[in-house]
Amino acid sequence: MRILSWLSKKVLSLIKDPHELYDILLFLRELENMALEDSMASFDWQIVRDRVADDIERNGGDISKVRIIMYDGRYRAPRLTTWKEITRLMPLTLYPYIKEYFDCDDYSMAFKCNVSQLLLINGVGVASGIVRHRDGSSYGHAWNVLLVNENNSPSIYTYDPQVGEIVKGVYNVSYRGATYTPDLIIL
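What this report covers is the structure whose coordinates are included nearby. (Residues numbered from 1 in each chain as written. Predicted model: local features only at pLDDT ≥ 70, side-chain atom pairs only at ≥ 80, totals over all residues. Heavy atoms only, no water.)

1. Quick word on the overall build of the chain
Along the backbone of the chain there are five helices and nine strands. Counting from the amino terminus, helix and strand elements in the chain follow one another as α-α-β-α-β-β-α-α-β-β-β-β-β-β. Counting across all 187 residues of the chain, residues that qualify as buried make up 39%. When contacts within the chain are restricted to residue pairs at least 6 apart in sequence, those whose partners lie at least 24 apart make up 58%. Accessible surface for the chain amounts to roughly 11,100 Å². Of this, 56% is attributable to carbon and sulfur atoms. (Helix = DSSP H or I, 4+ residues; strand = E, 2+ residues; numbered from the N terminus. Buried < 20%, exposed > 50% of the residue type's maximum accessible area, 1.4 Å probe, protein only. Contact = heavy atoms within 4.5 Å. Areas by Shrake-Rupley, 256 points an atom, 1.4 Å probe, with all protein chains shown as cover.)

2. Notes on helix H4 (residues 80-89)
For H4, the complete set of buried residues consists of Thr 82, Trp 83, Ile 86 and Thr 87. Down the axis of H4, the smallest arc covering the buried residues is 135°, so these residues share one side. Away from its buried face, by an angle of more than 90 degrees, H4 presents the exposed residues Thr 81, Arg 88 and Leu 89. (Arc of directions from axis to C-beta.)

3. Focus: unusual backbone geometry
Residues other than glycine seldom take positive phi values, yet Leu 120 does so here, at roughly 55°. Along the chain, Leu 120 turns up in the loop between helix H5 (104-119) and strand E4 (124-133). One non-glycine residue, Asn 172, adopts positive backbone phi at about 55°. Along the chain, the position of Asn 172 falls in the loop between strand E7 (165-168) and strand E8 (173-175). The exposure class assigned to Asn 172 is partly exposed, which follows from its relative accessible area of 33%.

4. Some words on H5
The first and last C-alpha atoms of H5 sit 22 Å apart over 16 residues, in line with the 22 Å expected at 1.5 Å per residue. All of the buried residues along H5 are Cys 104, Tyr 107, Ser 108, Phe 111, Val 115 and Leu 119. Down the axis, H5 shows its buried residues gathered within 95° of arc, on one side only. Remark: Leu 120 follows H5 within two positions and exhibits a positive phi of approximately 55°. (Expected span 1.5 Å × (residues − 1).)

5. Notes on the pairing of strand E1 (residues 41-44)
On a regular strand, each side chain points to the face opposite its neighbour's, so the side chains alternate between the two faces of the sheet. Only one face of E1 is covered, namely the face carrying Ala 41 and Phe 43; the face carrying Ser 42 and Asp 44 is uncovered. In this structure, E1 lies alongside strand E3 (residues 74-77), joined through four bridges in antiparallel fashion. Bridging from a neighbouring strand, Asp 44 pairs with Arg 74 of E3. (Pairing = 2+ DSSP bridges.)

6. Considering the packing of aromatic side chains
The description of two aromatic rings rests on the distance between their centres and on the angle between their planes. For the coordinates displayed, the defined rule picks out four aromatic pairs. Consider the rings of Phe 111 and Tyr 159, whose centres lie 4.8 Å apart with planes at 50°: the pair is tilted. Taken together, the residues span a long stretch of sequence, with Phe 111 in helix H5 and Tyr 159 in strand E6 (residues 154-160) at a distance of 48 residues. Given a relative accessible area of 0%, Phe 111 falls into the buried group. Overall, Tyr 159 belongs to the buried group, its relative accessible area being 1%. When the ring of Tyr 175 is compared with that of Tyr 180, the centres are 4.9 Å apart and the planes differ by 75°; the resulting orientation is edge-to-face. Since its relative accessible area comes to 4%, Tyr 180 is described here as buried. Here the aromatic residues Trp 83, Phe 111 and Tyr 159 are joined through ring pairs into a cluster of three or more. (Phe/Tyr/Trp six-rings, centres within 6.5 Å; stacked < 30°, edge-to-face > 60°.)

Quick look at the structure:
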């Protein structure tokens, strides 16, 4: 780890023009994407939206009560094994929870931004809704939705970056004794 830190500092010290840094960052992104390419698929927004809607209806939800916002025309999605590796390498669970200042919405947005910015994978979204526990308590919460390439077909999974686990599905997903029910999904 110290070698990488030293190397990063050395490379940055050689850069005189900010445009050079931009070129280096683009090059690194291209290298990362080449490494991911065997795992990656690209899906049209309508197919992705239909999969999300199907999951909602299949699990007892009313699609008219869940707002789904799609910002892109196409979505990149790696395989589940790659998502597991990404979440292992970007462990937001290491960041301390600070009520109101760095809590569920911040964890989920940070994960989405990191994956989009560093890996150019836009198949990660933010969901917001209600989490109900077995004891009857419930609260508002935010988490992530992952688009997964399963045999060149899109599947939807839930990922709560505060917990660090990936679970199949997006609506009424059971997750560590709680049920996650979104009313908003942004992809």
